[in-house]
Amino acid sequence: MIASFPSSFCTDGGRAIGNAGEPPMNKPSKEELAARSDEPEWLATLPAGAHQLFDYWKANLKPGGFGFAARIINYPGGMPGDVGLFFSWPKSVSDA
């Protein structure tokens, strides 16, 4: 984990991160799929400094096979608490 911050810093309170990877309720059209960037949708909800971490990862670590993820790391009272930003590394040299 590289950094953590309260989910209240996100524009949606961390909901996009909590729902990342879930299939969309409505199947996107071919045009919508083509218009999507390679950035995860939840990235737009993060505070500005987090986007700089993503940009660093994309330019310097992604080419080497490293991953980048955001996760809700706790749920106090059943609500999203803190967001953690994570770098992960390839399992083997061949995965890079």
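Everything numeric in this text was worked out from a predicted model, so none of it was measured.

1. Digging into the nonpolar core
Working step 1: I17, W42, L46, V83 and L85 are the most contacted members of the largest nonpolar core, which has 15 residues in total.
Working step 2: At the level of secondary structure, the elements contributing two or more residues to this core comprise α3 (48-61), β2 (67-72) and β3 (82-88).
Working step 3: Ignoring sequence-local partners within four residues, the contact set of L85 consists of M1, I2, A3, F5, L46, A50, L53, F68, A69 and A70.

2. What to know about the sheet that holds β3
Working step 1: The 3 strands lie next to each other as β1-β3-β2, forming an open sheet whose pairing is antiparallel. Looking at strand neighbours, the two that pair on one side only are β1 (3-6) and β2, the edges of this open sheet. Each strand axis lies, on average, 20° off the axis of its neighbour in the sheet, ignoring direction.
Working step 2: Direction of pairing for β1 relative to β3: antiparallel, over a ladder of 4 bridges.

What counts and what doesn't
- Residues numbered from 1 in each chain as written.
- Predicted model: local features only at pLDDT ≥ 70, side-chain atom pairs only at ≥ 80, totals over all residues.
- Heavy atoms only, no water.
- Core = buried A, V, L, I, M, F, W, Y, C linked by side-chain atoms within 4.5 Å.
- Buried < 20%, exposed > 50% of the residue type's maximum accessible area, 1.4 Å probe, protein only.
- Helix = DSSP H or I, 4+ residues; strand = E, 2+ residues; numbered from the N terminus.
- Contact = heavy atoms within 4.5 Å.
- Pairing = 2+ DSSP bridges.
- Axes fitted to C-alpha atoms, helices over the stretch in contact; angles between N-to-C directions.

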